[in-house]
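# Coordinate analysis (summary)
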2 protein chains.
Amino acid sequence: MLATMERTETRGAVRPQPREVLDLLEQFGSTISVQHDREIHIEGDSAEYCYRIVAGCVRIVKLMEDGRRQICEFLMAGDLLGFDALDCYDFTAEAVSDVVLRRYPRRTVDALASTNLTLARRLRDVASISLRLAHARLVLLGRKTASERIASFLLEMAERLPQSRPNVLALPMGRTDIADHLGLTIETVCRLLGHLRRDGTLGIDRGTITIRNSRALQQMASEPRH
Amino acid sequence: MLATMERTETRGAVRPQPREVLDLLEQFGSTISVQHDREIHIEGDSAEYCYRIVAGCVRIVKLMEDGRRQICEFLMAGDLLGFDALDCYDFTAEAVSDVVLRRYPRRTVDALASTNLTLARRLRDVASISLRLAHARLVLLGRKTASERIASFLLEMAERLPQSRPNVLALPMGRTDIADHLGLTIETVCRLLGHLRRDGTLGIDRGTITIRNSRALQQMASEPRH
DNA sequence: CGAGCACTTGAAAGATTTCAAGTCCAGTGG
DNA sequence: CCACTGGACTTGAAATCTTTCAAGTGCTCG
């Protein structure tokens, strides 16, 4: 669901920054706001719109019958949502914080893409890049320990989050969301963050986490090869 | 990396069956064989070719520095490989069994796609479908128990594997591969298969697993909603 | 000031892994 | 033809990691 263009190397994964693609679409878009914790669309709904996150943070959610929840992805300003949709949405999208979205009708996007080869190509790349991200997450969930997951997550946020000061992260999501993203429980997330605070790697207060020892986190993260 | 066309509902995920897309490409393809356990391409290599699996089974592998391994996906006859590649391959692809592949130069595929809007659209769908599969795997790895993973895996194989007789699975991959796909150890895989054999849900002998009680497996699998 | 929610932390329980032996074949060489 | 070796697979028992269960703490909001 992430965008493309001007590819940026992000710890192995190519993180997309849309631009030209959207210039084309821009005239067909409308701007909407979604409040904290509200749904943007629900898994299984007929896919009516694609979105670009203008501001705030969105979570991509999959639920199991019994309520277990997996957050497949967090989307930040600049990321794209729903451009990879087929007939219906594959997941629920919810606003983590108050969010501003630019919304484009899928019919229009598809119509343009079937005229404009550049756009068609971009959309293909968008999906490919999202897939690449997903593969990195499969390694994280399948093979990393809890500490490695937390370290990887913090480093990723340090790169993606808009930061007022370097290494100061204003995390938009709560501990429960982090847990459901990393395949852990909220208690494990709290405990490990607590350890990192006590050993001086992190500063934690209120919604803000400060990375005091980035090297330590990097070593702890055990990123995949390449 | 999976293909598209004539979408088939597969326990929630849309599983692709290429057809027309490839008719176009067919004249540019060549057929190659790869022996059991040989590499088809390596993560990080410049992406020269796309493939369609004609026969056999391929695994998509990501490695960590210390050797931990995640098999992101198994590909079977009919599935596509590498069509979602960007400049270089995102993962290593290896032959699980002896494999026959139809190989297409990426330059040709891209050139055709930038002429033919139908193909471009198909390739976009191919990537979207792979992404959908990946999301289902994220739920499996992030939120399912070991038993649920095994049950899900067996049910998936029952749908994807060419079967001589219904519910008789000639698994092409070994226990280690299954473990690395499900985020478990080989011992856990063996033990859980052992339980299922003893309680009559499965018959196991040599490389063949027979599903004796499909209902039991389905209940055990706890598939996501939708 | 009190309630509710997010977050912490400890202790016990539980699931999975790790460590250790085996078993069972398939292929090889005597 | 048969014993032998190696690899894949099994299984048990102990060790570990993470979760579950329980109890707080500290804000924020009304």
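Residues numbered from 1 in each chain as written. Chains lettered and ligands numbered in written order. Predicted model: local features only at pLDDT ≥ 70, side-chain atom pairs only at ≥ 80, totals over all residues. Heavy atoms only, no water.

## Quick word on the relation of the copies chain B and chain A
Expressed as a screw transformation, the operator carrying chain B onto chain A has a rotation angle of 180° and an axial translation of 0.0 Å, and the superposed copies differ by an RMSD of 0.0 Å. The transformation relating the two chain copies, once decomposed into turn and shift, fits a two-fold axis. Identified as the residue of chain B closest to the rotation axis by C-alpha distance is Arg124 of chain B, at 2.2 Å. (Least-squares fit on C-alpha atoms with pLDDT ≥ 70 in both.)

## Digging into the protein's contact with DNA strand C
Contacts to DNA strand C come from 17 residues, most closely from Arg175 and Arg191 of chain A together with Ala146, Thr188 and Arg191 of chain B. Near the protein, meaning within 4 Å, the atoms of DNA strand C are sugar or phosphate in a fraction of 59%, with bases accounting for the rest. Here Arg191 of chain A contributes a side-chain N or O atom positioned 2.7 Å from a base nitrogen of DNA strand C. Counting only elements with at least two residues in the surface near DNA strand C, the list comes to helix H6 (186-198) of chain A together with helix H6 (186-198) of chain B. Broken down by element, the surface near DNA strand C gets its largest block of residues, six residues, from H6 of chain A. Its residues assigned to classes, the surface near DNA strand C shows four nonpolar, six polar and seven charged. (Near = heavy atom within 4 Å. Polar contact = N/O pair within 3.5 Å; in protein donor to acceptor, adjacent residues only side chain to side chain. Helix = DSSP H or I, 4+ residues; strand = E, 2+ residues; numbered from the N terminus. Nonpolar A, V, L, I, M, F, W, Y, C, P; charged D, E, K, R; others polar.)

## Regarding helix H3 (residues 117-143) of chain B
Residues and elements named next belong to chain B. The terminal C-alpha atoms of H3 lie 39 Å apart, and with 27 residues this matches the ideal 39 Å at 1.5 Å per residue to within 8%. Most of H3 sits inside the fold, with 22 of its 27 residues counted as buried. A side-chain oxygen of the first residue of H3 lies 2.8 Å from the backbone nitrogen of Thr118; this N-cap is Asn116. (Expected span 1.5 Å × (residues − 1). Buried < 20%, exposed > 50% of the residue type's maximum accessible area, 1.4 Å probe, protein only.)

## Details of the domain arrangement of chain A
All names here are of chain A. Split into domains, chain A comes out as domain 1 (8-141) and domain 2 (144-221). Look at where the C-alpha atoms of domain 1 and domain 2 centre, and you get two points 24 Å apart. Taken together, the contact pairs 19 residues of domain 1 with 18 residues of domain 2. Both faces combined, the contact of domain 1 with domain 2 buries some 1,700 Å², and carbon together with sulfur accounts for 54% of it. We note a salt bridge from Asp177 to Arg69, for which the minimum N-O separation is 2.5 Å. For the interface between domain 1 and domain 2, the tally reads 14 residue pairs in polar contact (both at pLDDT 80 or more). Elements with a contribution of two residues or more to the side of domain 1 that touches domain 2: strand E7 (69-75) and helix H3 (117-143). In terms of residues, the side of domain 1 that touches domain 2 owes the most to one element, E7, which gives seven residues. Within the side of domain 1 that touches domain 2, the residues separate by chemical class into 10 nonpolar, two polar and seven charged. (Domains from an automatic or database assignment. Contact = heavy atoms within 4.5 Å. Buried area = accessible area lost by both parts, 1.4 Å probe. Salt bridge = Lys/Arg side-chain N within 4 Å of Asp/Glu carboxyl O.)

## Considering the sheet that holds strand E12 (residues 202-205) of chain B
All names here are of chain B. Read across the open sheet, the three strands follow the order E11-E13-E12; overall the sheet is antiparallel. Edge positions in the sheet fall to strand E11 (168-170) and E12, since each of these pairs with one other strand and no more. Ignoring which end each strand starts from, the neighbouring axes of this sheet average 20° apart. Note: E11 against strand E13 (residues 208-211), three bridges, orientation antiparallel. Counted as the bridge partner of Ala170 is Thr208 from E13. (Pairing = 2+ DSSP bridges. Axes fitted to C-alpha atoms, helices over the stretch in contact; angles between N-to-C directions.)

## Some details on the sheet that holds strand E3 (residues 30-34) of chain B
Residues and elements named next belong to chain B. In space, the four strands of this open sheet follow the order E3-E10-E5-E8, with antiparallel pairing throughout. A strand with exactly one partner marks an edge of an open sheet, and here the two such strands are E3 and strand E8 (80-81). Where E3 meets strand E10 (residues 99-105), five bridges bridge the pair, whose relative direction is antiparallel. The residue of E10 that forms the bridge with Val34 is Val99. Across the sheet, helix H2 (residues 106-113) lies against strand E5 (49-55) and E10, angled at about 55° from E10, the strand it touches most.

## Thoughts on the state of the cysteines
By the definition in use, this model includes zero disulfides over all chains. Free cysteine: Cys50 of chain A, not disulfide-bonded; nearest cysteine sulfur from Cys88 of chain A at 14 Å. Left unpaired, Cys190 of chain B is separated from the closest cysteine sulfur, that of Cys57 of chain B, by 18 Å. Judged by its relative accessible area of 37%, Cys190 of chain B is partly exposed. (Disulfide = S-S within 2.5 Å.)

## Details of the protein's contact with DNA strand D
Taken together, 17 residues are adjacent to DNA strand D, and Ala146, Thr188 and Arg191 of chain A together with Arg175 and Arg191 of chain B come closest. Within the side chain of Thr188 of chain A, a nitrogen or oxygen atom sits 2.3 Å from a phosphate oxygen of DNA strand D. At 2.7 Å from a base oxygen of DNA strand D is found a side-chain nitrogen or oxygen belonging to Arg191 of chain A. The greatest single-element share of the surface near DNA strand D, amounting to six residues, is contributed by H6 of chain B. Taken together, the residues of the surface near DNA strand D sort by class into four nonpolar, six polar and seven charged.

## What about the packing of H3 of chain A against helix H4 (residues 146-160) of chain A?
All names here are of chain A. Orientation of H3 relative to H4, taken along the N-to-C sense of each, is 155°, at an axis distance of 9 Å. Judged by the angle between their axes, H3 and H4 are roughly antiparallel. H3 and H4 meet at a crossing whose hand is left-handed. In this structure, H3 contributes Arg137, Leu140, Leu141 and Arg143 to the contact, and H4 contributes Glu148, Arg149, Ser152, Glu156 and Arg160. (Parallel < 35°, antiparallel > 145°, perpendicular 65-115°, else oblique. Left-handed = near helix turned anticlockwise from the far one by under 90°.)

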